[in-house]
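# Inside the fold
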Amino acid sequence: MHVVSIDQFDKDALFELFTKTDQIKEALTSPSGRKKLAGKHRDKQICTLFYEPSTRTRLSFETAGYKLGFGVVSTESAGQFSSASKGETMEDTMGVLDGYGYSAVIIRHPETGMIGRAAKVAKTPIINAGDGAGEHPTQSLLDTYTIYSNFGRLDNLTVTMGGDLKYGRCPRSLAKVLAKFDDNHIKFVSTKSLAIGQDIKDFLKQNNTTYEETSDIEKGVAGSDVIYWTRLQKERLDEKDKGLAHGFIIDKNTLKLMKKDAIIMHPLPRVDEITTDVDDDPRAKYFEQAGNGLLIRMALLDTIATE
Ligand code: CP
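Below you will find a few notes about this structure. (Residues numbered from 1 in each chain as written. Predicted model: local features only at pLDDT ≥ 70, side-chain atom pairs only at ≥ 80, totals over all residues. Heavy atoms only, no water.)

### A word on the overall build of the protein
Helix and strand counts for the protein come out as 12 helices and nine strands. In summary, the protein has a C-alpha radius of gyration of 19 Å against a globular reference of 19 Å for 307 residues, a match within 12%. With the C-alpha coordinates aligned to their principal axes, the bounding extent of the protein is approximately 55 × 50 × 40 Å. Counting the 307 residues in the protein, one finds 53% classified as buried. As displayed, the protein offers around 13,500 Å² of accessible surface, 50% of which is attributable to carbon and sulfur atoms. Taken together, the 41 basic and 44 acidic charged side chains of the protein have centroids lying 3 Å from each other. (Helix = DSSP H or I, 4+ residues; strand = E, 2+ residues; numbered from the N terminus. Rg over C-alpha atoms; globule rule 2.2 N^0.38 Å. Buried < 20%, exposed > 50% of the residue type's maximum accessible area, 1.4 Å probe, protein only. Areas by Shrake-Rupley, 256 points an atom, 1.4 Å probe, with all protein chains shown as cover. Lys, Arg positive; Asp, Glu negative; His and termini not counted. Charge placed at Lys NZ, Arg CZ, Asp CG, Glu CD.)

In structure tokens form, the structure reads like this:
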């Protein structure tokens, strides 16, 4: 199976993956569990091919691979260090990698739709690790797993998403997953210039998920169960948007406006949109969220490699 879009995951597929993720989390707590996991995929290999910088996605996929016993072959800065720099097409690259017998090829690329192009021709399972402003499905999986593991549900939640909602792929995908479940309400907090796309608003309407838009951070975070914050995606801004500012910072004062049992999430990296003195608050879950990335990617690789 290729993993190109979060749309591929219906409720059953999500919960099946979450159950496996919980089992892996438990297994990792004991030496015997870790040994069993590390024996699962010996003599198999995965390949990571990143044409864009990454800390979490690449390292967690590679660590997930090692913990499951895979050999891991990696190219970071693939635009520079792979033969893409000599003009090789993605299609030809896939044709070559198909001959190497990988269990999965994990790709990040700056161009929206490029991973779909790779998946169209590849016989090897392709995992989208982020394609420009398009999708980052495994981020959506770890985001929803984090919400689920904190609340025990993915319905009847008020979720605030703030920051760069125009160029950020994570809030767009998360909104689409939340729309699969009942009685969720989404609050979008941004400047007008960085507002969520009309396509997402139309999608929410079609799926009977209510939403509101505001540029008032106090109104945005009050009463919400989940506060999902994002940085300005400087590397993706159109020429006309180069001077835009993020505008919304979560700090100690913002914490006072939030529910006592709210959770604060961020896909990371953070720039300055959440001040570091928020990190000690028990509601700050962004490092736990990043840790869940390893677990969910282990579950995904195990699923793909045992199909
Ligand atoms: N959240 C995320 O995708 O982080 P990286 O860009 O570091 O992989």
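Back to the write-up after that little detour.
### A short note on the sheet that holds strand β7 (residues 210-214)
The strand order β7-β6-β5-β8-β9 describes an open sheet built from five strands, whose pairing is parallel. Either end of the sheet is taken by a strand with one partner, and the two such strands are β7 and β9 (263-265). With strand direction ignored, the average angle separating the axes of adjacent strands in the sheet is 20 degrees. Relative to β7, strand β6 (residues 185-189) is paired through five bridges, and the arrangement is parallel. Paired with Phe188 across the two strands is Glu213, which belongs to β7. Against the sheet, helix α7 (residues 137-151) makes contact with β8 (226-229) and β9, and its axis sits at roughly 170 degrees relative to β9, the strand it touches most. Those strands touched by helix α8 (residues 169-178) are β5 (158-162), β6 and β8, and its axis lies near 165 degrees from that of β5. (Pairing = 2+ DSSP bridges. Axes fitted to C-alpha atoms, helices over the stretch in contact; angles between N-to-C directions. Contact = heavy atoms within 4.5 Å.)

### Quick notes on the layout of surface pockets
A probe matching the size of a water molecule, rolled over the atoms, marks out where space remains unfilled. Counted as a void, the largest pocket has a volume near 400 Å³. At three residues, α8 tops the list of elements feeding residues into the lining of the largest pocket. Considering only residue class, the lining of the largest pocket consists of six nonpolar, nine polar and seven charged. Viewed by domain, the lining of the largest pocket spans two of them, domain 1 (6-136 + 291-305) and domain 2 (137-285), each represented by three or more residues. Taken together, Met1, Gln8, Phe9, Ala13, Glu16, Leu17, Lys20, Leu300 and Thr303 make up the lining of the second largest pocket. (1 Å grid on protein atoms, 1.4 Å probe; cavity = no way out; pocket = protein on both sides within 12 Å on 5 of 7 lines; lining within 4 Å. Points joined across faces, edges and corners; volume = space filled by probe spheres on them. Nonpolar A, V, L, I, M, F, W, Y, C, P; charged D, E, K, R; others polar. Domains from an automatic or database assignment.)

### So, the environment of Asp280
Residue position: Asp280 is located in the loop between β9 and α12 (286-305). Exposure remark for Asp280: the relative accessible area of 72% places this residue in the exposed category. Considering only alpha carbons, one finds Asp280 and Leu17, 263 residues apart in sequence, at a separation of 30 Å.

### Concerning the sheet that holds strand β3 (residues 104-109)
Spatially, the four strands line up as an open sheet ordered β2-β1-β3-β4, and their pairing is parallel. Whereas interior strands pair on both sides, the edge strands pair on one side only; in this sheet they are β2 (71-75) and β4 (126-131). Direction aside, the axes of adjacent strands within the sheet are offset by 15 degrees on average. Inspection of the sheet shows strand β1 (residues 45-50) paired to β2 by five bridges, in the parallel sense. Residue pairing across strands places Leu49 opposite Thr75, the latter belonging to β2. Those strands touched by helix α6 (residues 114-121) are β3 and β4, and its axis lies near 165 degrees from that of β4. Strands β1, β3 and β4 of the sheet are contacted by α12, whose axis makes an angle of about 145 degrees with β4.

### Points about the pattern of salt bridges
Counting across every chain of the model gives 14 salt bridges. Notably, a salt bridge pairs Lys40 with Asp302, separated by 3.2 Å at the nearest N-O pair. One end of the pair, Lys40, is in the loop between α2 (31-38) and β1; the other, Asp302, is in helix α12, and 262 residues separate them in sequence. Residue Asp302 is classed as buried on the basis of its relative accessible area of 3%. Between Asp281 and Arg283 there is a salt bridge whose closest N-O contact spans 2.9 Å. Among the residues examined, Asp281 registers a relative accessible area of 15% and is labelled buried. Sharing partners across several salt bridges, the network here consists of Lys20, Lys40 and Asp302. (Salt bridge = Lys/Arg side-chain N within 4 Å of Asp/Glu carboxyl O.)

### Quick notes on α12
The end-to-end C-alpha distance of α12, which contains 20 residues, comes to 29 Å, matching closely the 28 Å that a straight helix rising 1.5 Å per residue would cover. The buried count for α12 comes to 15 of 20 residues, which makes it a mostly enclosed element. (Expected span 1.5 Å × (residues − 1).)

### Quick word on α7
For α7, with 15 residues, the first-to-last C-alpha span of 21 Å sits near the 21 Å given by 1.5 Å per residue. Taken across its 15 residues, α7 has 12 buried, putting it largely inside the fold. Along α7, the positions that sit buried rather than exposed are Pro137, Thr138, Gln139, Ser140, Leu141, Leu142, Asp143, Thr144, Tyr145, Thr146, Ile147 and Phe151.

### Let's talk about the packing of aromatic side chains
Per the stated rule, a full pass over the model turns up eight aromatic pairs. On the basis of an interplanar angle of 80 degrees and a centroid distance of 6.2 Å, the ring pair of Tyr100 and Tyr102 is categorised as edge-to-face. Through pairs of rings, three or more aromatic residues link up here, namely Phe15, Phe18, Tyr145, Tyr148 and Phe181. Against the face of Phe203 rests Lys176, its NZ or CZ located 5.8 Å from the ring centre. (Phe/Tyr/Trp six-rings, centres within 6.5 Å; stacked < 30°, edge-to-face > 60°. Lys NZ or Arg CZ within 6 Å of the ring centre and 35° of its normal.)

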